[in-house]
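Structural characterization, general
Here is what each chain is made of, one letter per residue.
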Amino acid sequence: MGRWFNRGRKRDDEPPRESEPSGPVLEITVSGGGRRPSTTTIGGPTAYGLQYHAYHEQYGVSDPRTLEAGTRYAQELMRNHDVAEAVTVYQEIVGLRSSALGPEHPDTMRSQHSLAFALWQRGGHAEAERVQRDVYEARRRVLGDSDAETLRSGNNLGWLLIELRRTDEAEPLLRTVADGMARTLGRDSAETLACQMKLAGLQHLQGHSQQAERALRDVVRRLTRTVGPTSPVTLQARSNLLVVLLDNGRAAEAVEAARALADDAGRALSTTDGVRLHARHSLARALAGVDRRAEAIRLLADTLPDSERGRGVDHPGTLEMRTLFAQLLIEAGDRRAGPEARAALAGCERVHGPGHPDTERARALVRLVDGR
């Protein structure tokens with residue numbers, strides 16, 4: 001079953017979708033020893049990190065300028081896919097802001113929001129849900145249930161609960177959030193429709209696939225009208241609709257829709273963007289569903305390195321893609337099947353644990369390869 005991602009709209013200080021070259025650039029000149037001076041230019045995370053530590057020494061650990069520099073450093077780490085280090089920096093910033101400003105200060109809660117996102121990317125799903133729940137409850141107390149930031153936190157918490165397959169908790173929360181967003185932000189706002197997209201995903205997970213398909217078609221139609229067909233949230237809704245079509249056995253229809261989506265995502269997004277990767281994954285599933293396995297294998301072989309580079313080897317989307325790749329290789333009698341199946345199983349055990357359905361699926365593939 002395909003995954004549902006929180007791609008409606010990023011808030012607070014989460015990292016942006018694309019890499020941005022702006023930021024500190026340091027030039028270091030080395031001379032002496034009779035040699036001509038040489039200049040080295042340092043940018044990216046290293047420059048941001050040096051700036052953060054320089055501010056730490058110059059202004060002090062709790063100075064707002066230091067904390068903003070630390071936030072920018074963590075954002076740059078996320079953009080460059082160093083998620084583990086980003087988590088460490090965000091945890092540091094949350095602790096400092098909580099001590100200096102209080103746990104319910106808006107800046108503290110923004111940093112917690114970003115920490116939850118980074119934790120999820122690293123695979124700390126339960127911890128990410130706990131942090132995001134803390135943000136939601138704090139915003140409810142401070143801002144009220146109808147405030148836009150409170151609703152956004154609830155929307156993100158609902159997404160995490162769906163990803164954790166805690167659908168009984170996610171459904172009432174997302175219905176409350178969707179109603180609140182419709183009143184506060186407007187019925188056709190991108191954020192309201194993104195929340196409704198998650199509710200459709202819940203319907204699909206609960207086995208109400210026809211209802212989910214109708215709801216997603218309506219969301220796609222309204223998003224196309226309000227923000228355009230290649231807006232990131234519209235592309236995500238189209239991608240989620242593909243999941244439903246494929247799971248409903250409508251592979252022939254899905255092939256054309258998936259190819260159009262992959263083309264649009266290819267023009268609008270980077271090669272490592274999650275929505276574009278999901279579109280190519282869906283296209284591979286659709287191709288396999290109409291007995292075009294060789295094309296699906298080539299597509300996944302081209303896409304997996306982009307997913308590893310953009311989302312990480314242990315990202316759930318990468319693992320799901322690798323599992324499908326291993327399955328198709330087994331069906332084709334390809335000798336790459338064994339290593340890919342074992343890599344998928346190892347990753348699923350690390351991220352999901354031994355009893356998760358995705359882990360069981362990967363384990364079954366390893367048994368097939370080993371003839372057990």
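Residues numbered from 1 in each chain as written. Predicted model: local features only at pLDDT ≥ 70, side-chain atom pairs only at ≥ 80, totals over all residues. Heavy atoms only, no water.

**Quick notes on the overall build of the chain**
- In terms of helices and strands, the chain carries 16 helices and two strands.
- Across the 372 residues in the chain, those meeting the buried criterion constitute 51%.
- Contacts spanning at least 24 positions in sequence make up 58% of the contacts within the chain whose residues lie at least 6 apart.
- About 16,400 Å² of surface is accessible on the chain, with carbon and sulfur atoms providing 48% of the total. (Helix = DSSP H or I, 4+ residues; strand = E, 2+ residues; numbered from the N terminus. Buried < 20%, exposed > 50% of the residue type's maximum accessible area, 1.4 Å probe, protein only. Contact = heavy atoms within 4.5 Å. Areas by Shrake-Rupley, 256 points an atom, 1.4 Å probe, with all protein chains shown as cover.)

**Notes on the environment of proline 45**
- Relative to the elements of secondary structure, proline 45 occurs in helix α1 (residues 44–59).
- Proline 45 gets classed as partly exposed once you look at its relative accessible area, which sits at 22%.
- Each C-alpha atom of the pair proline 45 and methionine 78 lies 9.3 Å from the other, and the pair is 33 residues apart in sequence.
- Setting aside residues no more than four positions away along its own chain, proline 45 makes contact with Tyr73, Glu76, Leu77 and Asn80.

**Considerations on unusual backbone geometry**
- One non-glycine residue, arginine 165, adopts positive backbone phi at about 65°.
- Topologically, arginine 165 is positioned in the loop between α6 (148–163) and α7 (167–184).
- Its identity as a non-glycine residue notwithstanding, aspartate 291 has a phi of 65°, on the positive side.
- Inspection of the secondary structure assignment puts aspartate 291 in the loop between α12 (274–289) and α13 (293–310).
- Looking at aspartate 291, the relative accessible area reads 75%, which means it is exposed.

**Description of the packing of α7 against helix α8 (residues 190–205)**
- The interhelical angle for the contact between α7 and α8, taken along N-to-C directions, is 155°, at an axis separation of 9 Å. On the basis of their axis angle, the class for α7 and α8 is roughly antiparallel. With respect to the hand of their crossing, α7 and α8 are arranged in left-handed fashion. Residues Thr167, Ala170, Glu171, Leu174, Arg175, Val177, Ala178, Met181 and Ala182 of α7 form the contact with α8, whose participating residues are Glu191, Thr192, Cys195, Lys198, Leu199, Leu202 and Leu205. (Axes fitted to C-alpha atoms, helices over the stretch in contact; angles between N-to-C directions. Parallel < 35°, antiparallel > 145°, perpendicular 65-115°, else oblique. Left-handed = near helix turned anticlockwise from the far one by under 90°.)

**Let's talk about the confidence of the model for the chain**
- Summary statistics for the chain give a mean pLDDT of 86 and a share of 88% for residues scoring 70 or more.
- Across the chain, the element-wise mean pLDDT spans from 49 in strand β1 (residues 26–32) up to 95 in helix α14 (residues 316–332).
- Here residues 1–21 is a poorly scored stretch, pLDDT under 50, and it has 81 contacts once near neighbours within four places are set aside; other chains count. (pLDDT = per-residue confidence, 0-100.)

**Description of the pattern of salt bridges**
- What the rule picks out here adds up to 40 salt bridges.
- In this structure, arginine 221 and aspartate 218 form a salt bridge, with 2.4 Å as the shortest nitrogen-oxygen distance. Of the two residues, arginine 221 and aspartate 218 both sit in helix α9 (residues 209–227), three residues apart, roughly one turn of that helix.
- Given a relative accessible area of 25%, aspartate 218 falls into the partly exposed group.
- One salt-bridge network, held together by shared partners, links Arg187, Asp188, Asp218, Arg221, Arg222 and Arg225. (Salt bridge = Lys/Arg side-chain N within 4 Å of Asp/Glu carboxyl O.)

**Some remarks on helix α11 (residues 251–268)**
- In this model, α11 (18 residues) spans 25 Å end to end at C-alpha, consistent with the 26 Å of a helix rising 1.5 Å per residue.
- Buried residues of α11: Ala251, Ala254, Val255, Ala258, Leu261, Ala262, Asp264 and Ala265, and no others.
- Those residues of α11 hidden inside the fold are in contact with α10 (232–247) and α12. (Expected span 1.5 Å × (residues − 1).)

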